[in-house]
Amino acid sequence: MPEISFQSLFLFSALFRVFLILYGEWQDAHMEVRYTDVDYFVFSDAATLMASGKSPYERSTYRYSPLIAFLLMPNSFLHQSWGKFLFSASVMNCLDMYWIVYHSFNDNQTLMYHTPMTDLLVGLLIHRILKLRGVPEKLCTYSTMLVLIFRFALDLPFCFFLQTLAFVAFNKEINHAGAGGLWAELVSNRAGGQNIPSNISPWSIIGDESSIVVSTDRSSCFDRNKVALQMEVLCNNNGDNICPEGGVGVYNPGFWGMNIEQGKTYKVTLYIRSLQPIEISVSFIGSNGLQTLATADIKDDDITSWTKKEILLEAKGTDRNSRLQLTTRKKCMIWLDQVSAMPLSTHKGHGFRQDLFDMLAALKPGFIRFPGGSFVEGNWLVNAFRWRETIGKWEERPGHFGDVWQYWTDDGLGYFEYLQLAEDLGASAVWVFNNGISHNDQVDTSIILPFVQDILDALEFAKGDPTSKWGSIRAAMGHVEPFDLRYVAVGNQDCYNKNYHGNYMKFYSAIKGAYPDIKIISNCDGSVRPLDHPADLYDFHAFVSEYAVTGNDAGRGSLLKALAEADAIVFDSSKVYGTPSYWMQHFFKESNGAILLNSKLQTNSSTSIITSAISWENQEDNKSYLRIKVLNFGGNRVNLKVSFNGLDQNSIEAEGSAMTTLTSNNVMDENSFNEPKKVAPVVSPLENASSKMNVMLLPYSLTSIDLLRKSDVIQLPGSYDVHTSL
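Residues numbered from 1 in each chain as written. Predicted model: local features only at pLDDT ≥ 70, side-chain atom pairs only at ≥ 80, totals over all residues. Heavy atoms only, no water.

Caption draft 1: How the structure looks around the overall build of the chain. In terms of regular secondary structure, the chain is built from 15 helices and 32 strands. A total of 726 residues make up the chain; the buried ones form 55% of that total. For the chain, the share of sequence-separated contacts (at least 6 apart) that also reach a separation of at least 24 residues comes to 74%. A total of about 32200 Å² of accessible surface is found on the chain, and carbon and sulfur atoms cover 55% of it. (Helix = DSSP H or I, 4+ residues; strand = E, 2+ residues; numbered from the N terminus. Buried < 20%, exposed > 50% of the residue type's maximum accessible area, 1.4 Å probe, protein only. Contact = heavy atoms within 4.5 Å. Areas by Shrake-Rupley, 256 points an atom, 1.4 Å probe, with all protein chains shown as cover.)

Structure below.
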């Protein structure tokens, strides 16, 4: 049996270790866990590890191994050019680990294995190995100092500002989150179809074939969507073929049934023409098809040309599952198009459903990314989101079929409305545009310039002077002043497509030339190594904002799921509730513009506790707070000791300090329409609030400890750090 030397084994193990590290980085880059907030990195990463039965500190254990392993290799190996390359790569990899672990694993919280003493011991070991190799003393010292200075340079700041990495709301057109959700339009499929013949669903016919025939033709007055709904009424109010008592016609149930509430007013708009005089009833009818909640008549003796009709209907009753109905008892040929019903009670009259807007606003997002992800790309470019098709008068917008999520959108919620939404939320707009790439086809860089010009026109629409070509259209829509659009993302998850880099550079050069203030976001990953193209920011997957834990233990949004990630708002036509994950996000909404404090968790064994701390100011009362967030991912109560090093003992006010806890009796508990806050934060006063105190953590809980700082005590934020111990 051949003899295997120790050095050969060590070389093999070192190479294998590097492979594992690179594979781990690749796995991290492709995992379906995304983050919304800088100090949320701690909870999502650690909770995911703990949920799989692993130590929350596991990932950082390979921190020094590649550097030390290659330092122990024989000189003869290092003298080979490829050996020097691998050695250099391993050193850079190790330095990358410093950066990644420090910034994504919790800024100084990997304390079990990586204290300053550990770094010093590693430094001494490196120095000793280099010296044994015959490296000159000064070079040994300088090399060791370089590594340690790089390490300690990361620890020197006690804190840093989170203003540029703020909490993000990722607004996607998926599952009717926009059309049928945030956008308050009640009618689904306003135009009655897209083709000839057309599937007019969800429109339904009232009456049988002996009394009415419904079809579609291309006679609309709107050039960008020529399809109109045609009703040939065969019955009459007298004669041999008498119409039913309630008339014949069509009705639309909306997306989930229309929520009509007593006392509220709704604006119904439609375009109509007929070859004969008309008498049509426009009504909201209850879910049983019998109760009339509101009604008005349209009578016109001469309507041979397309005519716009607007009716205000005040509801005399309430039904969460009602429908809009258009009926007549007079024989005629009628064409209908662009039928709309909107409540007058939308947010600021801007068309946003107020309860859903309030849920978004409560999260205090710093950014809002729109209009989606795959929705932007489309399965095919022909069905991609096109901004210019979504501006102007709503009835003139052609709409489009979202072939990724397989439903039609009328695009009432368009480019203009998304910009308005960001402004209304007080959030920065992040516009994601199509860069000539869909899921199945893409435009070659040699012919991408029309797409580039399209985006320049879009930026002029958002930011241009009201006298400019596209800025004047924005002004005509009611927003004379330019929108504050500062960020654009070139594509969505497109980095590895063959034409992305070439297309990206065309967009980048053109945008920077015309709008140098615009920050451009690349789809490529710059977290591990520098990008090979210019970019102000990078968005490898979803602007660190889209993340989801799925599986049997997640249900439709359980407490367990919330402690490992976050998602959504659930709604129907009339009701809305936040999942436990939605409420979890409330713990991070104050992080915009906050200061991330140096925090340390002291424990003698593996633990299910993760902590972080910030200093933040309440914009409503200008009071300053210290916030400690603690995740207990274990099934036992934990007594946590909290102390602040360097903080004045008298700087905390007990009155005004509070503790907020998100937990439940069962980790599988979920919220529902019947119990919308079964799992929701509970706020309690913190009577023992001080710079040194004990806090009891409930099992499977997320806790926020907010300490009110006295206004008459002046102390620089970050001149202290937070220590927690078990």
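So, next bit.
Caption draft 2: Inspection of the environment of W470 at higher detail. Turning to its location among the elements, W470 is positioned in helix α12 (residues 469–476). Given a relative accessible area of 11%, W470 falls into the buried group. Measuring from C-alpha to C-alpha, the distance between W470 and A458 comes to 7.6 Å, with twelve residues separating the pair along the chain. Beyond its immediate stretch of four places on either side in the chain, W470 contacts W387, R388, I391, D457, E460 and F461.

Caption draft 3: How the structure looks around the state of the cysteines. Counted by the stated rule, this structure contains two disulfides. Residue C235 pairs covalently with C243 via a disulfide, S to S 2.0 Å. Taking the sign of the S-S torsion, 95 degrees for the link of C235 and C243, the bridge is right-handed. Relative accessible area serves as the criterion here: at 4%, C243 is assigned to the buried category. Covalent S-S linkage joins C495 and C524, the inter-sulfur distance amounting to 2.0 Å. An S-S torsion of about 100 degrees defines the bridge between C495 and C524 as right-handed. Residue C495 is located in the loop between β18 (485–490) and α13 (500–514), and its partner C524 is located in the loop between β19 (519–522) and β20 (537–538); the two are separated by 29 residues in the primary sequence. With respect to burial, C495 and C524 carry one shared label: buried. Each bonded cysteine of the chain is numbered by sequence order, and under that numbering the disulfide pairs are 1-2, 3-4. The cysteine C332 is free of any disulfide, with C243 supplying the nearest cysteine sulfur at 8.6 Å. (Disulfide = S-S within 2.5 Å.)

Caption draft 4: View of the sheet that holds strand β13 (residues 332–343). Taken together, five strands build an open sheet; the order of strands is β4-β5-β13-β8-β11 and the sheet is antiparallel. In the strand order of this sheet, the two ends are held by β4 (212–217) and β11 (307–314), each with one partner. Neighbouring strand axes in the sheet, compared pairwise and without regard to direction, differ in orientation by 30 degrees on average. The pairing of strand β8 (residues 265–274) with β13 spans eight bridges and is classified as antiparallel. Paired with V268 across the two strands is A341, which belongs to β13. (Pairing = 2+ DSSP bridges. Axes fitted to C-alpha atoms, helices over the stretch in contact; angles between N-to-C directions.)

Caption draft 5: Representation of the nonpolar core within the structure. Grouped together as the largest cluster of nonpolar side chains are 54 residues, with contacts concentrated most on W387, Y415, W431, L485, V488, F507 and I511. Elements that contribute at least two residues to this core include exactly α8 (354–361), β14 (367–370), α10 (415–425), β17 (428–433), α11 (449–463), β18 and α13. A per-element tally of this core places α11 first, with eight residues. Once residues within four sequence positions are removed from consideration, W387 is found in contact with Y415, W431, D454, D457, A458, F461 and W470. Within the second largest apolar cluster, 37 residues are counted, among which are L186, I200, M231 and C243. (Core = buried A, V, L, I, M, F, W, Y, C linked by side-chain atoms within 4.5 Å.)

Caption draft 6: Molecular detail of a negative patch on the surface. A surface patch of like charges, here negative, comprises E279, D297, D301 and D302. Take D297: it is sitting in strand β10 (residues 292–300). (Patch = residues over 30% accessible without salt bridge, like charges linked within 9 Å, V, L, I, M, F, W, Y side chains within 5 Å. Salt bridge = Lys/Arg side-chain N within 4 Å of Asp/Glu carboxyl O. Lys, Arg positive; Asp, Glu negative; His and termini not counted. Charge placed at Lys NZ, Arg CZ, Asp CG, Glu CD.)

Caption draft 7: Quick peek at the pairing of strand β5 (residues 228–233). The element β5 is largely enclosed, with a buried count of five among its six residues. In this structure, β4 lies alongside β5, joined through six bridges in antiparallel fashion. Directly across from I212, in β5, lies its bridge partner V233. Where β5 and β13 come together, five bridges link them in antiparallel fashion. Considered in β13, the bridge of L229 is made with L336.

Caption draft 8: The pattern of salt bridges, seen in detail. On inspection of all chains with the given rule, the structure shows 20 salt bridges. A salt bridge links K267 to E310, with the nearest nitrogen and oxygen atoms 3.5 Å apart. Highlighted residues: K267 in strand β8 and E310 in strand β11, separated in sequence by 43 residues. Residue classification places E310 among the partly exposed positions, given a relative accessible area of 46%. Across the salt bridge formed by R388 and D457, the nearest N and O atoms sit 3.0 Å from each other. Pair noted here: R388 is in the loop between α9 (374–377) and β15 (400–402) and D457 is in helix α11, with a separation of 69 residues, a long-range link. Look at R388 and you get partly exposed, because its relative accessible area is 25%. The class of D457 is buried, set by a relative accessible area of 14%.

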